[in-house]
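# Coordinate analysis (summary)
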Amino acid sequence: MDRLTPRQRQVLAWLGLPRWVPRQAPTGAEPEPAAPAPAEVAPLPVADAAPAGGASLAEVVAAAEEVPALDWPGLHAAIAACERCGLCRDRQRAVPGEGNRQAELLVVGEAPGAADEQAGRPFAGPSGRLLERMLAAIELSREQVWLTNAVKCRPPEQRRPAAEEVAACRPWLQRELALVAPRAVLVLGGVAAQSLLARDEPVSELRGRQRLPGDGAPPVVVSWHPAYLLRRPADKRGAWADLKQVMELLRDERRP
Ligand code: URA
């Protein structure tokens, strides 16, 4: 039985990807393949304590080595006012995450580009259009997921964010994770992996399922960044394998 909708078929054809064949339930004859061992990752600092009473937003932002217990409006105000790294000097505006605040899947990219900064939304340009097609292939829309970046301000001249910039922005990403509490996280590219997993190996070595530190932390799948896939379409096949892992994780996590 062909369980693909016409839209999915179109998406997969556009991506140049093979059809998704749902995994069969185990028959008992063949053991399930063992899950890969969780990667060892350094614990990230997490502090959910509210900022000291009466602290100004500027103080909260400046002191955010740990994650302040901001609510959504507080988080977005803090991101908009953030001066934790030099990227604030040349930005038109910071670009916060967007989407479904109760999303099952949180998607993390690198940093906004010029089109995203102008639109004030993550993934507003060409790589966003590819990302939308990738999500559609696993039956998700960008409105259904929480879509954000490791770094919320545009680095000049399309350069990769520096490690200090990634570290400075990490508390905001951690707070988004805590507020959304997704069932799974899709990490797109090396910068997002550096921020969330504290790993700086190439994506080719990190791809697939990883684990965030901490009890109850959601499972993570690392994959290629869509901008990379636009340059290297041959790797879409690998990205599709990663997306199928996301789909299976979401399905597994929904099981009682
Ligand atoms: N736009 C974003 O918002 N993030 C990326 O990583 C790339 C483009």
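Described in the following lines is the structure provided in the data block. Because the structure is a prediction, the values reported are computed rather than measured. (Residues numbered from 1 in each chain as written. Predicted model: local features only at pLDDT ≥ 70, side-chain atom pairs only at ≥ 80, totals over all residues. Heavy atoms only, no water.)

## Some points on the pattern of salt bridges
Side chains that carry opposite charge are capable of pairing whenever their charged atoms lie near each other. Under the defined criterion, the tally for this structure stands at 10 salt bridges. Between Glu98 and Arg121 there is a salt bridge, with its nearest N and O atoms 2.7 Å apart. A residue pair is termed long-range when its members are at least 10 positions apart, and Glu98 in strand β1 (residues 98–99) and Arg121 in the loop between α4 (114–119) and α5 (126–137) qualify at 23 residues. Looking at Glu98, the relative accessible area reads 22%, which means it is partly exposed. As a salt-bridge pair, Glu117 and Arg154 come within 3.0 Å of each other at their nearest N and O atoms. Taken together, the residues Glu117 in helix α4 and Arg154 in the loop between β3 (146–149) and α6 (163–180) connect sequence positions 37 residues apart. One network of salt bridges, with partners in common, ties together Glu98, Arg121, Glu132 and Arg142. (Salt bridge = Lys/Arg side-chain N within 4 Å of Asp/Glu carboxyl O. Helix = DSSP H or I, 4+ residues; strand = E, 2+ residues; numbered from the N terminus. Buried < 20%, exposed > 50% of the residue type's maximum accessible area, 1.4 Å probe, protein only.)

## Looking at the sheet that holds strand β6 (residues 219–223)
Hydrogen bonds between backbone atoms are what pair the strands of a sheet, whose relative direction is either parallel or antiparallel. Ordered by their spatial adjacency, six strands build an open sheet running β1-β3-β2-β4-β6-β5, and the pairing between neighbours is mixed. A single partner strand is all that each edge strand has here, and the edge strands are β1 and β5 (208–211). Sheet analysis places β1 next to β3, joined by two bridges and oriented antiparallel. Within the sheet, the bridge partner assigned to Gly99 lies in β3 and is Trp146. Those strands touched by helix α7 (residues 190–197) are β2 (105–109), β4 (184–188), β5 and β6, and its axis lies near 135° from that of β4. (Pairing = 2+ DSSP bridges. Contact = heavy atoms within 4.5 Å. Axes fitted to C-alpha atoms, helices over the stretch in contact; angles between N-to-C directions.)

## Section: the site of the ligand
Contacts to the ligand come from Gly109, Glu110, Ala111, Pro112, Asp116, Pro122, Phe123, Ser127, Asn149 and His225. In the model, a nitrogen atom of the ligand is placed 2.8 Å from a nitrogen or oxygen of the Asp116 side chain. Asn149 places a polar side-chain atom, nitrogen or oxygen, 2.7 Å from a nitrogen atom of the ligand. Protein chains bury 91% of the 230 Å² of accessible surface belonging to the ligand in isolation. (Near = heavy atom within 4 Å. Polar contact = N/O pair within 3.5 Å; in protein donor to acceptor, adjacent residues only side chain to side chain. Areas by Shrake-Rupley, 256 points an atom, 1.4 Å probe, with all protein chains shown as cover.)

## Some points on the pairing of β3
On a regular strand, one side chain projects to one face of the sheet and the next to the other, so that they alternate. Here β3 shows no split at all, with Trp146 and Thr148 on one side and Leu147 and Asn149 on the other all buried. In the sheet, β2 pairs with β3 via four bridges, with the strands oriented parallel. Within the sheet, the bridge partner assigned to Val107 lies in β3 and is Leu147.

## Structural notes on the nonpolar core
As a rule of thumb, soluble globular proteins bury nonpolar side chains together. Counting residues in each nonpolar core, the largest one holds 61 residues, and the members touching the most others are Leu105 and Val107. Among the elements that line this core, the one with the most residues is helix α10 (residues 236–254), at seven residues. Among all residues touching Val107, those that are not within four sequence positions of it are Leu131, Leu135, Val145, Trp146, Leu147, Thr148, Leu186 and Leu188. (Core = buried A, V, L, I, M, F, W, Y, C linked by side-chain atoms within 4.5 Å.)

## Section: the packing of aromatic side chains
Scanning the entire structure with this criterion turns up two aromatic pairs. On the numbers, 4.5 Å between centres and 20° between planes, the contact of Trp224 with Tyr228 is stacked. Neither Trp224 nor Tyr228 differs from the other in exposure class; each is buried. (Phe/Tyr/Trp six-rings, centres within 6.5 Å; stacked < 30°, edge-to-face > 60°.)

## Here's the deal with α6
With 18 residues, α6 ought to run about 26 Å at 1.5 Å a step, and its terminal C-alpha atoms sit 25 Å apart, in line with that. Where α6 bends most, at Arg170, the angle is about 40°, and the proline Pro171 comes one to four residues later. Most of α6 sits inside the fold, with 13 of its 18 residues counted as buried. Backbone geometry just after α6 places Ala181 at a positive phi near 50°. (Expected span 1.5 Å × (residues − 1). Bend = angle between axes of the 7 residues up to and from the residue.)

## A short note on the environment of Pro112
Among the secondary structure elements, Pro112 is positioned in the loop between β2 and α4. Judged by its relative accessible area of 3%, Pro112 falls in the buried class. Note: C-alpha distance between Pro112 and Ala150 (38 residues apart in sequence) is 9.3 Å. Discounting chain neighbours no more than four positions away, the residues touching Pro112 are Val95, Glu117, Asn149, Val151, Lys152, Cys153, Arg154 and Pro155.

## Considerations on the side chain of Asp235
Take Asp235: it is sitting in the loop between α9 (226–231) and α10. Residues within four places of Asp235 in sequence aside, it is in contact with Trp224, Tyr228 and Leu229.

## Re the packing of α6 against α7
Between α6 and α7, whose axes approach to 9 Å, the crossing angle comes to 65°. One way to sum up the angle between α6 and α7 is to call them roughly perpendicular. Of the two possible hands of crossing, α6 and α7 adopt the one that is right-handed. Residues Ala163, Val166, Arg170, Leu173 and Leu177 of α6 touch α7, and the partners they reach there are Val191, Gln194, Ser195 and Leu196. Here the contact of α6 with α7 is composed, by residue class, of six nonpolar, two polar and one charged. (Parallel < 35°, antiparallel > 145°, perpendicular 65-115°, else oblique. Left-handed = near helix turned anticlockwise from the far one by under 90°. Nonpolar A, V, L, I, M, F, W, Y, C, P; charged D, E, K, R; others polar.)

On their own, these measurements won't tell you what the molecule is for.
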